[in-house]
Amino acid sequence: MSNKEIIVELFNSLRLGHVSSAFISLGYDRLQDIVCIKKEDIDAIITNPNVKEKFLRSLYEERVVVSLWLQDLGLSSYQESLFSFGLTNLKSYINLSKTSKEISGIASQAHRCRLLRAGFSLVLVQVLAECNKSHVVATGKWDKHEHLAGGRNGYFLCLTAEVYKNNIKDASKTALTDQKRTVKFLVDSGSDVVTLRHDVISELQLDCIGTAKQCGAGGKIIKTPVYYACVNIGGHRVDVEVVGDVMDSLGTPVLRHFNHFIQDEKHVWLTRE
């Protein structure tokens, strides 16, 4: 079946054939688009509350939806194996990970990754619906950080973002210069500071706004310069004070401006209203 034929078959199977044309006319001509649709978009297409409730309930619970979904993904050959593990509705695919025994029958690594990516999309739909947030800002992941013992210390949550020089001399403190640097940050939820490597601070010529006291070796109190900068994460800027260090890290001064969701290898940054 073609993509559009799969959509028509989906709604016919759910006894909602009269709304299939409305979805297709708005560009929802792939099943993956429909299973990941936002609630507000459904509200605009299906105005009858009873029909909408039936659609949402059936979409995640009906066995036929999984059959068509796997066909849309080009993975229908694995249906019998997946069904044998009880993966017969979309809800059952939300908690899958690369170590799940349920996908052991999929020999192709590329096909396993495709299924897990599709399942992760379902997770995001659930998270966004529960959090009632507008959209995903950025996605980080568990990764080795080359500036932490050359990457030999294992995996940490990391995020790549831009750092700008924030012109402190501007009265409004909102003017950004053209000086910026793309940085791979280690995400440290246990830290109350943001750190940048000294070469990044020097390259961006960040303005020093004072000093902070830190406890050094042997309990010695040392004064550390504090700089002013802006971190840009997915188009959302956060003005921060930073201190120099041997690596770049994001602490709570940045993390608290976003909602967060961690699933398998990914760290999703969500808008926070």
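Presented here is a report on the structure given in the accompanying data block. Treat the numbers as computed from the prediction; the structure is a model and nothing was measured.

1. Points about the nonpolar core
F23, I34, W69, Y93 and L115 are the most contacted members of the largest nonpolar core, which has 47 residues in total. If one sorts the elements of this core by residue count, helix α8 (residues 109-131) sits on top with six residues. Viewed by domain, this core spans two of them, domain 1 (3-130) and domain 2 (136-271), each represented by three or more residues. Excluding residues within four positions of it along the chain, I34 makes contact with I7, L10, F11, F23, Y28, F55 and L59.

2. Topic: the pairing of strand β4 (residues 194-197)
The alternating pattern of β4 places V194 and L196 on one face and T195 and R197 on the opposite face, and all of these are buried. As judged from the four bridges shared by β4 and strand β7 (residues 236-245), these two strands associate in the parallel manner. In the strand pairing of β7, L196 is matched with G244.

3. A closer look at the packing of helix α1 (residues 3-13) against helix α6 (residues 63-72)
It is the contact of α1 with α6, at a shortest axis distance of 10 Å, that shows an interaxial angle of 175°. Looking at the two axes, α1 sits roughly antiparallel to α6. Residue-level inspection shows N3, I6, E9, L10 and S13 of α1 in contact with α6, the latter providing V64, V65, L68, Q71 and D72. Residues of the contact of α1 with α6, tallied by class, amount to five nonpolar, three polar and two charged.

4. Digging into the pattern of salt bridges
In the structure shown here, the tally under the stated rule is twelve salt bridges. One salt bridge in this structure joins D248 and R197, with 2.8 Å as the shortest N-O distance. Here the residue D248 occupies a position in the loop between β7 and β8 (249-250), and R197 occupies one in strand β4, the gap between them amounting to 51 residues. Close ionic contact of R237 with D239 constitutes a salt bridge, the shortest N to O distance being 2.6 Å. Each of R181, R197, D199, E203 and D248 takes part in one network of salt bridges that share partners.

5. Overview of the pairing of strand β1 (residues 136-143)
With five bridges joining them, β1 and strand β10 (residues 266-270) adopt antiparallel strand pairing. Bridged to A138 within β10 is W269. Bridge count for β1 against strand β2 (residues 156-166) is three bridges, and the pairing is antiparallel. Paired with D143 across the bridge in β2 is F156.

6. Quick look at the packing of aromatic side chains
Applying the stated criterion across every chain, the model contains six aromatic pairs. Geometrically, the ring pair formed by F258 and W269 is edge-to-face, given 5.3 Å between the ring centres and 75° between the ring planes. Of this pair, F258 sits in the loop between α10 (252-255) and β9 (259-263) while W269 sits in strand β10, and the two are eleven residues apart along the sequence. Take F258: its relative accessible area is 4%, and that puts it in the buried class. Among the aromatic side chains, those forming a connected cluster through ring pairs are F11, F23, Y28 and F55.

The rules behind each value
- Residues numbered from 1 in each chain as written.
- Predicted model: local features only at pLDDT ≥ 70, side-chain atom pairs only at ≥ 80, totals over all residues.
- Heavy atoms only, no water.
- Core = buried A, V, L, I, M, F, W, Y, C linked by side-chain atoms within 4.5 Å.
- Buried < 20%, exposed > 50% of the residue type's maximum accessible area, 1.4 Å probe, protein only.
- Helix = DSSP H or I, 4+ residues; strand = E, 2+ residues; numbered from the N terminus.
- Domains from an automatic or database assignment.
- Contact = heavy atoms within 4.5 Å.
- Pairing = 2+ DSSP bridges.
- Axes fitted to C-alpha atoms, helices over the stretch in contact; angles between N-to-C directions.
- Parallel < 35°, antiparallel > 145°, perpendicular 65-115°, else oblique.
- Nonpolar A, V, L, I, M, F, W, Y, C, P; charged D, E, K, R; others polar.
- Salt bridge = Lys/Arg side-chain N within 4 Å of Asp/Glu carboxyl O.
- Phe/Tyr/Trp six-rings, centres within 6.5 Å; stacked < 30°, edge-to-face > 60°.

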